[in-house]
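Descriptive analysis of the structure
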Amino acid sequence: MQGLQVQLRSASPIRLQAEFDCGAGELVALVGPSGSGKTSMLRAIAGLWTPADVQGHIRVAGEAWLDTATGVQRSPQNRRAGLVFQHYALFPHMTALANVALAAGPGWSLEQVHALLTRLGLDALDDRRPAQLSGGQQQRVALARALVRVMPTPAGAAAPQSLSGVLLLDEPFSAVDAPTRQTLYRELAALRQKVAVPMVLVTHDLSEARRLADRVVIVDAGQTLQIGEPARVFASPRNARVAELVGIQNHFQGRFFKDKPGWARLRWSDGQQPHRALDLAVVDKNKIDNDTPVTWVLNGEEVDVLADGDLVVTPAEGPSRLRCQLLEVLSLGEISLCTLSPQDLPSQTITLNLTSRLLQRLQVGAGGWVQLLIAPGALHIMPVRTT
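Okay, so let's go over this structure. As the structure is a prediction and not an experimental result, all values here were calculated from the model.

Here we come to the overall build of the protein chain. When helices and strands are counted, the protein chain shows 9 helices and 21 strands. By principal-axis analysis of the C-alpha atoms, the protein chain measures approximately 75 × 50 × 35 Å. Out of the 387 residues in the protein chain, the part that is buried amounts to 48%. In the protein chain, 65% of the contacts between residues at least 6 apart in sequence involve partners at least 24 apart. Carbon together with sulfur atoms contributes 49% to the accessible area of the protein chain, which is approximately 18,600 Å² in total. The centroid of the 37 positive side-chain charges in the protein chain is displaced by 3 Å from the centroid of its 35 negative side-chain charges.

Moving on, we come to the packing of aromatic side chains. Scanning all chains against the criterion turns up 4 aromatic pairs. Relative to Tyr 185, the ring of Phe 173 has its centre 5.2 Å away and its plane inclined at 80°; by these criteria the two rings are edge-to-face. Taken as a pair, Phe 173 in the loop between strand S8 (166-170) and helix H5 (178-194) and Tyr 185 in helix H5 lie far apart in primary sequence, 12 residues in all. Comparing Phe 173 with Tyr 185, the two get one shared label, buried. Between Phe 252 and Trp 268, the ring centres sit 4.7 Å apart and the planes meet at 45°, which makes this aromatic pair tilted. Here Phe 252, found in strand S12 (residues 251-258), pairs with Trp 268, found in strand S13 (residues 263-269); they are 16 residues apart in sequence, far enough to count as distant. Summarising the burial analysis for this pair, Phe 252 and Trp 268 share the class buried. Between Arg 323 and the ring centre of Trp 369, over which it is positioned, the NZ or CZ distance is 4.2 Å.

Our next topic: the nonpolar core. Counting 53 residues, the largest nonpolar core has Leu 147, Leu 167, Leu 188, Leu 191, Met 199, Val 216 and Ile 218 as the members making the most contacts within it. Per element, the largest residue contribution to this core is 8 residues, and it comes from helix H4 (residues 135-150). Counting residues in hydrophobic clusters, the runner-up holds 33 residues, among them Phe 252, Trp 296, Leu 362 and Val 364.

What follows deals with H4. A rise of 1.5 Å per residue sets the reference length of H4, with its 16 residues, at 22 Å; its end C-alpha atoms lie 23 Å apart and thus fit the reference within 8%. Counting buried positions along H4 yields 14 of 16 residues, so the element is predominantly enclosed.

For the rest of this paragraph, the subject is the pairing of strand S18 (residues 335-342). S18 sits mainly inside the fold: 6 of its 8 residues count as buried. Of the pairings in the sheet, the one linking strand S17 (residues 320-332) to S18 comprises 8 bridges and is antiparallel in character. Looking at S18, one finds that Leu 326 is bridged to Leu 340. With antiparallel pairing between neighbouring strands as the criterion, S17 and S18 make up a hairpin whose turn holds 2 residues, including Gly 333 at a positive phi of roughly 85°.

Before going further, it helps to spend a moment on the sheet that holds S13. Spatial strand order, S14-S13-S12-S15-S21: 5 strands in an open sheet with antiparallel pairing. What marks the edges here is a single partner per strand, and that holds for strand S14 (277-283) and strand S21 (379-383). Shown here is a sheet whose adjacent strand axes are inclined to one another by a mean of 40°, direction ignored. Inspection of the sheet shows strand S15 (residues 292-298) paired to S21 by 5 bridges, in the antiparallel sense. When the bridges of S21 are listed, Thr 295 appears paired with Met 382.

For the rest of this paragraph, the subject is the pattern of salt bridges. Across all of its chains, the model carries 14 salt bridges by this definition. In this structure, Arg 59 engages Asp 67 in a salt bridge whose closest nitrogen and oxygen atoms are separated by 3.3 Å. Since its relative accessible area comes to 24%, Arg 59 is described here as partly exposed. With a shortest N-O distance of 2.8 Å, Arg 323 and Asp 308 are connected by a salt bridge. Residue Arg 323 is located in strand S17, and its partner Asp 308 is located in the loop between strand S16 (303-307) and S17; the two are separated by 15 residues in the primary sequence. Given the relative accessible area of 25%, Arg 323 is considered partly exposed. When its relative accessible area of 26% is taken as the criterion, Asp 308 is described as partly exposed. Sharing partners across several salt bridges, the network here consists of Asp 259, Arg 265, Arg 267 and Asp 279.

The rules we used
Residues numbered from 1 in each chain as written. Predicted model: local features only at pLDDT ≥ 70, side-chain atom pairs only at ≥ 80, totals over all residues. Heavy atoms only, no water. Helix = DSSP H or I, 4+ residues; strand = E, 2+ residues; numbered from the N terminus. Buried < 20%, exposed > 50% of the residue type's maximum accessible area, 1.4 Å probe, protein only. Contact = heavy atoms within 4.5 Å. Areas by Shrake-Rupley, 256 points an atom, 1.4 Å probe, with all protein chains shown as cover. Lys, Arg positive; Asp, Glu negative; His and termini not counted. Charge placed at Lys NZ, Arg CZ, Asp CG, Glu CD. Phe/Tyr/Trp six-rings, centres within 6.5 Å; stacked < 30°, edge-to-face > 60°. Lys NZ or Arg CZ within 6 Å of the ring centre and 35° of its normal. Core = buried A, V, L, I, M, F, W, Y, C linked by side-chain atoms within 4.5 Å. Expected span 1.5 Å × (residues − 1). Pairing = 2+ DSSP bridges. Axes fitted to C-alpha atoms, helices over the stretch in contact; angles between N-to-C directions. Salt bridge = Lys/Arg side-chain N within 4 Å of Asp/Glu carboxyl O.

See below:
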């Protein structure tokens, strides 16, 4: 594989059970709470952290950087890993040019380092020290320093275009203001169009992962729980823990009943009043047995909100219709955070982000009533773990 492959197991000093890959030119985001092991995985790839009992391998472009089965363990100096730290870690007494040149191999000249800085829009800042640079400029210097680690030794006078290795980004955007962050997002997008190198981004910001990453790896307690495209993972978590980690608000309990071929009913109750329940139409993928307890999440982006008086005909195979009362409307600028309670199941609440324009069109506020049309695809169902 022309990319990065990681498979690591360790029991101490922290538990590690990581398995993921990142193709050449792909950006994969490691997402999880603080202390989940994201940075440890990044440091393990760079060779800066290797537990004594580690088992597994790290391969880049087919070359083993670590392979415990064959005894291969390259030093950090022999790994083409460019690491961008959260606070950049530039040497304060050195110029931008010197910071980057220090990380470059012996085949690099100052002219070639300058050419790389020019590509990143820093050609006029060679002689400035970090304190004389803005946060965004420091980040680009740190990025240039990381790039010279993954670039092969240049053969000519111009800065090289081909890359080999892996670029590791440890929350590089968290220490800058919002306008600078947007600028750096564009810089990263432009860089990805020019070079093809595996990029692994550590972040706890779900919106950042959704915006930047081709795939996300959900990490918790040193273990990779789920891998996939951001939209798919956030809408279809593998289990309740993943749903919690990706911040899904509408997470409920229920029971799954098979219906006619291809369709099923999801019975939603509060568990305390069985006689008060709602049945929602769902697609039967033949992965869950009949009359099975389940946990399920609702993707609010696939819910239509209509005025209470609208007449809606919903066939059995179509969206489910719920009459709900708006319990609370919290305005957040153009978006309002709305809490709704179904008329037939008042003990439960649904949280939706609705635009102020929609609420004005519906002429509804807190205490009012609306109708929700919940498409079968908006429901993601997971069996309840018995262990």
